[in-house]
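# A look at the structure
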Amino acid sequence: GNESETEPRAGRRETKVDPEAQYKTERGNGKEHLYMVVIGHVDAGKSTLMGRLLCELGQVNKKTMHKYAQESRKLGKQSFMYAWVLDETGEERDRGITMDIGRYLFQTKTKEVTLLDAPGHKDFIPNMISGAAQADVGLLVVDATRGEFETGFDLGGQTREHALLVRSLGVNQLAVVINKLDTVSWSKTRFDEIVQKLKIFLKQAGFKDNDVSFVPCSGLTGQNLVAPPTENELLEWYKGPCLLEVIDKFRTPPRPVAKPLRFSVNDVFKGTGSGMCVDGRVETGLANVGDKILICPSKERATVKSIIVDESSKNVVFAGDQATITLAGIDIQSLSVGNILCDPQNPIPVSSKFEARIVVFNTKVPITKGYPVVLHHQSLVEPAVVSKLVSQLNKNTGEVVKRHPRVVLKNSSAIVEISVSKPIALEEYSSCKELGRIMLRVAGVTIAAGLITKILAVN
Ligand code: GDP
């Protein structure tokens, strides 16, 4: 609050700048920065929609658009030109799918939005997880075409799984694009039908009604993306905001800058100069150029040599920022994806065993003691086992209904002990939401999501 600015708290060194004050000075005037992940079933029209949005906002130059238009005409797939804005490499183009997580930036009235484009293909869910783990808000795209919404929403489709995934990764605001409405003559009945189905499901998935909005669009024709509709059939019944306004209305989550530094590493590469580069997100706290940091779980030390945010060089990064940090005094073997950089005075716990409260979505085989899983924690992916079933919980109230159950079935909630194949850096959810969430996958399917409730056997 305000008091801390005039009255330094006891124990704080005079020389140390107050993190909240530093944040205010550095970021107080600019637009709020928001990270948005785009999710939805394959072919829902995500790439086309976002490509068109970026074009409408003038983020793609005319020459590039012209090139894409020509190339796609040659292939006889003209509608792909917008999608290509997001799919830069030839390999992805040939396959006609979005593979990696690209990053794109655009502006709304009050915000600067970084787009984390999530791939829709089934095999690529691990990539999507790392995109979603960095996101503040989500854009769920569904195809309104008759039969197609149903395919994506019912079993086997990715609409539900993606929504559950982003929710369990901490995304709690969602804009739902009811897309390709041009294929159903802008039918209000069809729009309402889809909204009704999604509302019920999203509520069960843990989204609050007020945090979800629905927008009728066509990515292909550009209807209702950055300006009010022009189609009469849509104008007749839709008086709400266009997609850009909906995005502008998202609330920026609080940035916990006063907490100890936690930076999750999503990528490691060699820089052009000396030093190693890491890409990732500041979950909590801040880092200044020149700061000494500790890399966990290896507990190696390094120094922050330089910081890049959105292609410009900075002296400091804050909670909520995605950045590339160059580290001095460390070699590549000591760094890997999933590492956490932290404050050496206040390091993150490292352990290979913890208790978690999990919600089991769908699993063919009930979970029993010794059940092997793949643990996802931020960008980290590690083999693990469910080493103990502690208690079965009432899914709605969280009360213990049975101690030491022999099995945990699908659609239920439980406290389990998880043993990871090697020590990892993690936090209890109660002390750090951002690093206290996990996901369990088996054979390419997400079977459960959960919160770390107790870290056991701290190294
Ligand atoms: P993604 O897999 O979700 O990224 O979907 P794409 O953007 O690649 O689109 C899948 C297919 O749907 C392509 O053939 C697009 O041309 C088509 N498509 C995308 N948006 C629209 C739309 O608004 N209306 C119509 N009619 N077709 C669309």
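This text follows the structure it describes.
Residues numbered from 1 in each chain as written. Predicted model: local features only at pLDDT ≥ 70, side-chain atom pairs only at ≥ 80, totals over all residues. Heavy atoms only, no water.

### Regarding the packing of aromatic side chains
- Considering all chains together, one arrives at five aromatic pairs under this definition.
- Relative to Phe 318, the ring of Tyr 23 has its centre 4.8 Å away and its plane inclined at 75 degrees; by these criteria the two rings are edge-to-face. With a gap of 295 residues between them, Tyr 23 in helix H2 (residues 19-27) and Phe 318 in strand S13 (residues 316-318) connect regions that are remote in the sequence.
- Seen in terms of ring centroids, Phe 191 and Trp 237 are 5.1 Å apart; in terms of plane orientation they differ by 45 degrees. Their pairing is tilted. Here Trp 237 lies in the loop between helix H11 (232-235) and helix H12 (243-248) and Phe 191 lies in helix H10 (residues 188-204), a separation of 46 residues in the sequence.
- The exposure class assigned to Phe 191 is buried, which follows from its relative accessible area of 8%.
- Cluster of aromatic residues (ring-pair linked, three or more members): Phe 149, Phe 153 and Phe 201.
- In this structure, Arg 160 is placed above the aromatic ring of Phe 153, and the distance from its NZ or CZ to the ring centre is 4.0 Å. (Phe/Tyr/Trp six-rings, centres within 6.5 Å; stacked < 30°, edge-to-face > 60°. Helix = DSSP H or I, 4+ residues; strand = E, 2+ residues; numbered from the N terminus. Buried < 20%, exposed > 50% of the residue type's maximum accessible area, 1.4 Å probe, protein only. Lys NZ or Arg CZ within 6 Å of the ring centre and 35° of its normal.)

### Re empty space enclosed by the protein
- Taken as a whole and assessed by the stated rule, the structure comprises one cavity of 30 Å³ or more.
- Approximately 60 Å³ is the volume found for the largest cavity.
- Taken together, His 41, Val 42, Asp 43, Ala 44, Val 141, Val 142, Asp 143, Glu 148, Phe 149, Gly 152 and Thr 159 make up the full set of residues lining the largest cavity.
- Those elements that place two or more of their residues in the lining of the largest cavity are strand S4 (137-143) and helix H8 (148-153).
- Taken together, the residues of the lining of the largest cavity sort by class into five nonpolar, three polar and three charged. (1 Å grid on protein atoms, 1.4 Å probe; cavity = no way out; pocket = protein on both sides within 12 Å on 5 of 7 lines; lining within 4 Å. Points joined across faces, edges and corners; volume = space filled by probe spheres on them. Nonpolar A, V, L, I, M, F, W, Y, C, P; charged D, E, K, R; others polar.)

### Description of the nonpolar core
- By size, the foremost hydrophobic cluster in this structure holds 66 residues, and its most contacted members are Met 36, Phe 106, Ile 178, Leu 198, Leu 202 and Leu 243.
- Not counting the four nearest positions on each side in its chain, Leu 243 is found in contact with Leu 49, Leu 53, Leu 139, Val 177, Val 215, Cys 217, Asn 224 and Leu 225.
- Core analysis: the second largest hydrophobic core is formed by 25 residues, Leu 440, Ala 448, Ile 452 and Ile 455 among them. (Core = buried A, V, L, I, M, F, W, Y, C linked by side-chain atoms within 4.5 Å. Contact = heavy atoms within 4.5 Å.)

### Let's talk about the state of the cysteines
- A complete count under the given rule lists zero disulfides for this structure.
- Here Cys 55 is not cross-linked by a disulfide; its sulfur's nearest cysteine counterpart is in Cys 217, at 15 Å.
- Here Cys 217 stays unpaired: no disulfide links it, and the sulfur of Cys 242, its closest cysteine neighbor, is 8.2 Å away.
- Judged by its relative accessible area of 0%, Cys 217 is buried. (Disulfide = S-S within 2.5 Å.)

### Things to note about H10
- Compared with an ideal rise of 1.5 Å per residue, which puts 17 residues at 24 Å, H10 spans 25 Å between its outermost C-alpha atoms and is within 8% of the ideal.
- For H10, every residue scored as buried is listed here: Arg 190, Phe 191, Ile 194, Val 195, Leu 198, Phe 201 and Leu 202. Along H10, the residues classed as buried sweep out an arc of 140 degrees about the axis, all on the same side. Exposed and oriented more than 90 degrees from the buried face of H10 are Thr 189, Ile 200, Lys 203 and Gln 204.
- In this structure, the buried side of H10 is in contact with S4, H8, helix H9 (158-168), strand S5 (174-179) and strand S6 (212-216).
- Capping the start of H10, Ser 187 holds a side-chain oxygen 3.3 Å from the backbone nitrogen of Thr 189, two or three residues further along. (Expected span 1.5 Å × (residues − 1). Arc of directions from axis to C-beta. Polar contact = N/O pair within 3.5 Å; in protein donor to acceptor, adjacent residues only side chain to side chain.)

### Focus on the pattern of salt bridges
- Under the definition given, this model contains 16 salt bridges.
- Between Lys 111 and Glu 32 there is a salt bridge; the shortest N-O distance is 3.6 Å. Within this pair, whereas Lys 111 is found in strand S3 (residues 111-117), its partner Glu 32 is found in strand S1 (residues 32-39), the two being separated by 79 residues in sequence.
- Judged by relative accessible area, Glu 32 falls into the partly exposed class, the value being 40%.
- Measuring nitrogen to oxygen at the nearest pair gives 2.9 Å for the salt bridge that ties Glu 150 to Arg 190. Taken together, the residues Glu 150 in helix H8 and Arg 190 in helix H10 connect sequence positions 40 residues apart.
- What you see here is one network of salt bridges that share partners, running through Asp 136, Arg 255, Arg 281 and Glu 283. (Salt bridge = Lys/Arg side-chain N within 4 Å of Asp/Glu carboxyl O.)

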